[in-house]
Amino acid sequence: MGESETGGLVTARLTEPAGASRRVLGGVAAYANSAKEQLLDVPPATLVDGGAVSPAVARALAEGARARFGADVGVGVTGVAGPGGGTPEKPVGTVHLAVVGPDGALAYSDRLRGDRAAVRGRTGTLAVHLLRQLLLGGPPA
């Protein structure tokens, strides 16, 4: 997992059940762009072109996590949870998610309503559902 906006929430959800270590290899909560670059190999140009909150960065986080952990599937999450940090182009609640596997990828972007905890919680749920969809053979993005 490569998580920015959720700060490890997706990893925590996936590791909650007993035996999770057979399925989850690890996760990185990378808030700073430098952490995204250094820990998950997100290209600096990707961060500059669309900003840290973008579909391209979500995809790069997923790909970076997959490579870093040698996993079959990577998950990437980025967004603006609030209460501050939003802009007219990327208001609070903007989220971008990606899951990448050996046979394809899925992506999801939306603007979620609610306070910081609600946005983070909903994003985590959406990420788990997107992962489930990919594992069940969802259409590649």
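Look up: the structure comes first, before these words.
Residues numbered from 1 in each chain as written. Predicted model: local features only at pLDDT ≥ 70, side-chain atom pairs only at ≥ 80, totals over all residues. Heavy atoms only, no water.

1. Overview of unusual backbone geometry
The condition that has to hold: Numbering of helices and strands runs from the N terminus; a helix is a DSSP stretch of H or I covering at least four residues, while a strand is a stretch of E covering at least two. Classification of residues uses two cut-offs on accessible area relative to the type maximum, computed with a 1.4 Å probe and protein chains only: under 20% is buried, over 50% is exposed, and between them is partly exposed.
The omega angle of the peptide bond from G82 to P83 is 5 degrees, so this bond is cis rather than trans. Here P83 shows up in the loop between β3 (74-79) and β4 (94-101). You will see that D41, though not glycine, has its phi angle at about 55 degrees, which is positive. Note that D41 resides in the loop between α2 (33-40) and α3 (44-50). For D41, a relative accessible area of 54% gives the class exposed.

2. Some thoughts on the pairing of strand β5 (residues 104-111)
Heads up, the condition is: Pairing between strands is defined by DSSP: at least two bridges between the two strands are required.
Pairing between β4 and β5: eight bridges, direction antiparallel. Within the sheet, the bridge partner assigned to A98 lies in β5 and is A107. Counting the residues between successive antiparallel strands, the hairpin from β4 to β5 contains two residues.

3. Quick word on the sheet that holds strand β2 (residues 28-29)
Put simply, the test is: The contact rule is simple, with two residues in contact once any of their heavy atoms fall within 4.5 Å. Lines are fitted to the C-alpha atoms to define the axes, a helix being fitted only along its stretch in contact, and any angle between axes, read from their N-to-C directions, falls within 0 to 180 degrees.
Strand order in the open sheet formed by five strands is β2-β1-β3-β4-β5, with mixed pairing between adjacent strands. Looking along the sheet, the strands with just one partner apiece sit at the ends: β2 and β5. Pairing between strand β1 (residues 2-3) and β2: two bridges, direction parallel. Note that in β2 the partner of E3 across the bridge is A29. Where helix α4 (residues 55-69) meets the sheet, it contacts β1, β2, β3, β4 and β5, and its direction lies at approximately 145 degrees from that of β3.

4. Observations concerning the layout of surface pockets
We count it as follows: Buriedness of a pocket was judged along seven lines, with at least five required to meet protein on both sides within 12 Å; pockets are open sets of points on a 1 Å grid over the protein atoms alone, cavities are sets where a 1.4 Å probe fits but cannot get out, and lining residues have an atom within 4 Å of a point. Grid points are joined across faces, edges and corners, and a volume is the space filled by probe spheres set on the points. By the convention adopted, Pro, Cys, Tyr, Trp, Phe, Met, Ile, Leu, Val and Ala count as nonpolar, Lys, Arg, Asp and Glu as charged, and the other residues, Gly among them, as polar.
Here the largest pocket defines a volume of roughly 460 Å³. At five residues, the largest contribution of residues to the lining of the largest pocket is made by helix α5 (residues 116-135). Considering only residue class, the lining of the largest pocket consists of 13 nonpolar, three polar and five charged. Reported here for the second largest pocket is a volume of approximately 180 Å³. Here the residues of the lining of the second largest pocket are counted per class, giving five nonpolar, six polar and three charged.

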